[in-house]
Amino acid sequence: VSFGPSQFDTAPVVLSQVQTTNGQDWVTTRHQNATLQGFSLAMQEEEAKNDLHVSETLGWVAWEIGTGAAGDEQFQAARTGDTVTHTGQSVSFDSPGFAAPPVLFTQLATTDGPDPAYARAGGVTTADFSVVAKEERSKNAEENHTTERVDWLALTGDGVLRGEGFAPVMAEVGQTALTHRPASISFSHSFDNPVVFALTPSEVGPDSVAVRLSGISSSGFTARLQEPTGENGTHTAETVTWLALEA
């Protein structure tokens, strides 16, 4: 995936999400080789499958590393060192942090370990959060994962993000509780061609999970939690953060 010319001063934070549910197998996205010019992106199926997933639409966003504001909303974007494993790591926000726990998005930025994995966050406070490289267990119960870098983006509150003054809406962020049952989520702002990112900043249920999206439209989308083969398929409610951007 290539960026436009002269977009960034440093290799940006990148988030990605499967936007469709054409294939029913558990799947996540994996990144590597982020530079000023672009990054590599692929889908990765659960280990028990053949890793030959049908075509899906993938969405991505690249965000400049640093702190700043979009209208009244504050944000921080950063990348960890190559230090996050299955044992977890605490990550601190830049001082002074946030007035309230922010909406958080995390993504594995590397593919150092070949086993299917994703960044799973939890314990989000005004000052920090925890994150692990979480492997799924469809083929075996072993979850040990080598070190990975994690990209993360923290945004204050729910609602729309605007530019300065009377600039149009840039994005909309929110949080909702999801289970394995599909749920409809509505935007408060109408988009022309939205790209949606939905990630789990909680770990109420210990089983691996992917947020699957479908029916993305100008007014909202449908989302559910999907467990890999071998789990019982039912997942307790988790807090899911979502971000919608105009493509």
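The model shown is predicted, which means the values in this text are computed figures rather than measured ones. (Residues numbered from 1 in each chain as written. Predicted model: local features only at pLDDT ≥ 70, side-chain atom pairs only at ≥ 80, totals over all residues. Heavy atoms only, no water.)

So, on to the pattern of salt bridges. Enumeration according to the criterion identifies eight salt bridges in this entry. The partner of Arg 212 in a salt bridge is Glu 56, with the nearest N and O atoms 3.4 Å apart. In this pair, Arg 212 sits in strand β16 (residues 210-214) while Glu 56 sits in the loop between β3 (40-45) and β4 (58-63), placing the two residues 156 residues apart along the sequence. For the salt bridge of Glu 231 with Arg 137, the shortest nitrogen-to-oxygen distance reads 3.1 Å. Taken together, the residues Glu 231 in the loop between β17 (220-226) and β18 (238-246) and Arg 137 in the loop between β10 (128-135) and β11 (150-155) connect sequence positions 94 residues apart. Look at the salt bridges and you will find they share partners, linking Arg 137, Asp 207 and Glu 231 into a network. (Salt bridge = Lys/Arg side-chain N within 4 Å of Asp/Glu carboxyl O. Helix = DSSP H or I, 4+ residues; strand = E, 2+ residues; numbered from the N terminus.)

In sheet architecture, strand pairing relies on hydrogen bonds along the backbone and comes in two forms, parallel and antiparallel. Read from one edge to the other, the open sheet built from three strands follows the order β7-β10-β9, with strand pairing classed as antiparallel. Strand pairing shows two members of the sheet lacking a second neighbour, β7 (89-92) and β9 (117-122), which therefore form its edges. The sheet shows a mean angle of 35° between the axes of neighbouring strands, taken without regard to direction. (Pairing = 2+ DSSP bridges. Axes fitted to C-alpha atoms, helices over the stretch in contact; angles between N-to-C directions.)

Bringing the nonpolar core into the picture now. Formed by 19 residues in total, the largest nonpolar core has its most connected members in Trp 63, Phe 105, Leu 153, Leu 155, Phe 197 and Leu 243. At the level of elements, β1 (13-18), β4, β6 (73-79), β8 (103-108), β11, β13 (169-178), β15 (194-199) and β18 are the ones that each hand at least two residues to this core. Ranked by residue count, the leading element in this core is β15, at three residues. Excluding anything up to four places from it in sequence, Phe 105 contacts Leu 15, Asp 151, Trp 152, Leu 153, Leu 155, Phe 197, Leu 199, Thr 241, Trp 242 and Leu 243. In this structure, Leu 178, Leu 213, Phe 221 and Val 240 belong to the second largest nonpolar core, which totals 18 residues. (Core = buried A, V, L, I, M, F, W, Y, C linked by side-chain atoms within 4.5 Å. Buried < 20%, exposed > 50% of the residue type's maximum accessible area, 1.4 Å probe, protein only. Contact = heavy atoms within 4.5 Å.)

The next point concerns the packing of aromatic side chains. Counting across every chain of the model gives 14 aromatic pairs. Between Phe 3 and Phe 8 the ring centres are 5.2 Å apart and the planes differ by 70°, which places this aromatic pair in the edge-to-face class. Comparing Phe 3 with Phe 8, the two get one shared label, buried. The interplanar angle of 75° and the centroid separation of 5.0 Å between the aromatic rings of Phe 187 and Phe 191 together place this pair among those described as edge-to-face. On the basis of relative accessibility, which here comes to 10%, the residue Phe 187 falls in the buried class. When its relative accessible area of 2% is taken as the criterion, Phe 191 is described as buried. A connected cluster of aromatic rings, assembled from ring pairs, spans Phe 3, Phe 8, Phe 39 and Trp 60. (Phe/Tyr/Trp six-rings, centres within 6.5 Å; stacked < 30°, edge-to-face > 60°.)

So, on to the sheet that holds strand β5 (residues 66-70). Spatially, the four strands line up as an open sheet ordered β5-β6-β11-β8, and their pairing is antiparallel. The sheet terminates laterally at β5 and β8, the two strands that pair on one side only. For this sheet the average axis-to-axis angle between neighbouring strands, irrespective of direction, equals 15°. Looking at chain direction, β6 and β11 are connected through five bridges and run antiparallel. Paired with Gln 76 across the bridge in β11 is Ala 154.

Structurally, Arg 224 is set in strand β17. One buried charge, Arg 224, has no salt-bridge partner; the nearest side chain with opposite charge is Glu 56, at 9.0 Å. Leaving out residues up to four positions away in the same chain, Arg 224 has contacts with Thr 21, Gln 24, Leu 178, Thr 179, His 180, Arg 181, Pro 182, Ala 210, Val 211 and Arg 212. (Lys, Arg positive; Asp, Glu negative; His and termini not counted.)

Per-residue confidence for the chain gives a mean pLDDT of 91, with 97% of residues at or over 70. The least confident element of the chain is strand β12 (residues 159-162), whose mean pLDDT is 72; the most confident is β1, at 97. (pLDDT = per-residue confidence, 0-100.)

As for its position among the elements, Asp 151 is in strand β11. At 2.9 Å, the side chain of Asp 151 and the backbone nitrogen of Val 14 are in polar contact. Only 2.6 Å separates the side chain of Asp 151 from the side chain of Arg 79, close enough to count as a polar contact. Apart from residues no more than four positions distant in its own chain, Asp 151 is found in contact with Pro 12, Val 13, Val 14, Ala 78, Arg 79, Phe 105, Thr 106, Gln 107 and Ala 109. (Polar contact = N/O pair within 3.5 Å; in protein donor to acceptor, adjacent residues only side chain to side chain.)

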